Structure formats: structure tokens, C-alpha cells
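# Coordinate inspection notes
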Amino acid sequence: MVFSMIKDRNIWIRNVYYMLAYAFEELKKNNYEQIAHEEFEHIQDLFAEILYKGVSAQLKCGLHREYINRVEDLPLLKGRLDIRGTIANQMRCRNVLCCEFDDLSENNLFNRVLKTTLSLLCHERNVSSVRKAELRTLLPFFSGVDEIDVRNIRWNDFVYQRNNQMYRMLMNVCYFIIDGMLMTTETGKYRMATFSDEHMCRLFEKFVLEYYRLHHRELSPNPDRIEWNIYSKDAMVIDLLPAMQSDIVLHRGDQSLVIDTKYYSHAMQYHFDKPTIHSANLYQIFTYVKNLDVKDTGNVSGLLLYAKTDEDITPDLSASFGKNHIRVRTLDLNQEFSGIASQLEEFLKW
């Protein structure tokens, strides 16, 4: 089959799928793999297909259920008796008990987010009519689930356990969809914006990390916290310093490579029409490298990795700062995935 060559924000849509597949291992399983061989006009169409297959698979296992606290007036006692509520019923001459109990329900946060996202995609103009029809076939299975105001979703509130691990990837896809929406003041409806730089930046970072984790576990790829290499032992001084959290650090013997990933619509900054590397980015990777190399051995190097844009001039730098070497390179996401993998492997030779 022919892969989709359609681009969205300077990247082939099918390569967004590959990045998602590395970021979320679940996409490499079951019936997701055939998505890579389908054509998508828009990024929203890709998300719709991923969500359709993911929710369909989840329905076969059954929707996740949680105990929900409920308070109801019942003729017989169920759960705990609410004394105040029962007295209030008696005063209104209602011969019922006010009961508080836990009910195992599908109407929980996970499923409410799923139903809301499915409904939004059914009205998204960049989702094909065929995929909208597929999504609508899923909605009857959520008849007992309420929708949720997307502005009230607190994504950090999700707690994953053994019985709801399949929801982790689905919730991440829902986050990309919902967080990329705008409210139109004219109609009060939600409409998806183009996949933003912020979304791509997070996905790009996660993709590079998971690529090295999958193919080069011997390098112990991790987003390491780097401590400030300062002489002061004053705890108050240390607490005032900002935390340094690297995107990726690779280790081979006594050698370390710090990788900081960046995704911008414009990879270069301009001052009086002169293109230069983003100064804040260069200061950042320099600080990471110098503070990680505590003994100043020169065994720590840095790579500032940008996603390639359509700009004629792209970041390209190789320089020694004292004993440490720092490179600035671009990764071309608008090519066959084998080429992307080849570039990532090339960086390891450093």
C-alpha cells in the first residue's frame, strides 16, 4: 500500500503515527499497525482512526468501571444511612431512606473523556465522513456515560492501575485532540486547531527518548535530573536555583551525551535579518553539559536537536566549549522513516 505523503506543519502525517507508536507502545500492538498504511488528509483524521480502533478494542474487553459515591432516596436501606437526609424526608412526609453508597459505574472520568472526544470528532470538519460514521457507531455503548466540559478536565488527576492500563494511550490521544481545540465565539462550538508546536515538541521529545530506549537499552536512555555543580552547601541557596531536567541522557562507559530536543515552526531566530541559533536553547544545553561534567573531564557532550523545518537555513553547529563538545543538528521528519532512524543512529557515533 502507499503511505500518505500529506504534510501537516512540515511533517508527513504518517510519521506522526510512527512517533506516536514509539511514544505509546500500545500503538504497536493489535490492529493499530495497519494505520501506517492508510492515507490521511489531516492530523485530526489520524487521531480519529487511532481513537476508533482503540475504543473498539476496549469495548471488547468492557469499559472501565469505578466505584462512584451516590446518594439516593430508597425504600430500603442500601449502604450507609444518611441521618440528616432521612430526617428531612420524614419532615416532608416522605417514607423513604436517604442512602449513601458506592456504585460500580462506567460513568467515570476516563469514559466521560472518551465519549466527549468521540462526540467532538464527529463534528470536526477535518475528519472524513467515513471515519465520522465509524465513530458514531461507538457512541451507543456510552449511553450510560455523561459528557464532560473540556475546560474542566484535569489531566493530572488520572490514576492508572493494572485494570485500566489500556486507557493510558487513549487518554494521551484525547489530550492531544482536546488541548488542540479553540472555542469559536460565534457559535460556542469547539473546533480543532492545527497540531500545535507545543504538542509536537512534547511528542518529538518523547519519540526520540523512546526510540533510544527501544533500540539502545545499553545506553540507559533517561530524562535525567542534573544537579548544579556549585561549591555552596547552603540549602537555601540550592533551593533557589531552578531545576535542570534534561530531555535525554545517553551513557556509554564513562561517556555521556545530553540531548535536548526542540520543535519550532522557525528553528532559527533573527536579529537585524541575521539568522542565529536560539540563544536560550544554546545556553540551556551548555549549562546541562557543564554541570553534568562535574570533574571537567570532557567526557560529557551535548546535542541540541531541532526538528527540521522548510526554512532555507537550519541550525548547524559543532564546537568545543572548553573540554566539552556541543553540536546543534536537525532531524528531518519529512522523509521515509528509515531515514529518520538512520539519522538517530548517526548521532550515536559521537
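Structure's up top.
I will try to describe carefully the structure that is included in this document. Computed from a predicted structure; not experimentally measured. (Residues numbered from 1 in each chain as written. Predicted model: local features only at pLDDT ≥ 70, side-chain atom pairs only at ≥ 80, totals over all residues. Heavy atoms only, no water.)

## Quick notes on the packing of aromatic side chains
In this description, a pair of aromatic rings is defined by centroid distance and the angle of the planes. Counting across every chain of the model gives 19 aromatic pairs. Relative to Y263, the ring of F204 lies with its centre 6.5 Å away and its plane at 65 degrees, an arrangement referred to as edge-to-face. Of the two residues, F204 is situated in helix 7 (residues 197-215) and Y263 in the loop between strand 9 (255-262) and strand 10 (268-271); the sequence distance between them amounts to 59 residues. Y263 carries the same exposure label as F204, and that label is buried. (Phe/Tyr/Trp six-rings, centres within 6.5 Å; stacked < 30°, edge-to-face > 60°. Helix = DSSP H or I, 4+ residues; strand = E, 2+ residues; numbered from the N terminus. Buried < 20%, exposed > 50% of the residue type's maximum accessible area, 1.4 Å probe, protein only.)

## Looking at the nonpolar core
L51, F204 and F207 are the most contacted members of the largest nonpolar core, which totals 72 residues. Sorting elements by how many residues they give to this core places helix 6 (residues 167-179) first, with ten residues. Setting aside chain neighbours within four positions, we find F207 in contact with M19, Y22, L331, F337, I340 and L344. Formed by 14 residues, the second largest nonpolar core is a distinct cluster that contains I277, Y288, V289 and V300. (Core = buried A, V, L, I, M, F, W, Y, C linked by side-chain atoms within 4.5 Å. Contact = heavy atoms within 4.5 Å.)

## A short note on the pattern of salt bridges
Tallied over the full model, the rule gives 15 salt bridges. For the salt bridge of E72 with R70, the shortest nitrogen-to-oxygen distance reads 1.9 Å. Look at E72 and you get partly exposed, because its relative accessible area is 25%. Ionic pairing is found between K262 and D260, a salt bridge with its closest N-O pair at 3.2 Å. Here K262 matches D260 in class, with each residue buried. Through salt bridges that share partners, D45, E49, K53 and R131 make up one connected network. (Salt bridge = Lys/Arg side-chain N within 4 Å of Asp/Glu carboxyl O.)

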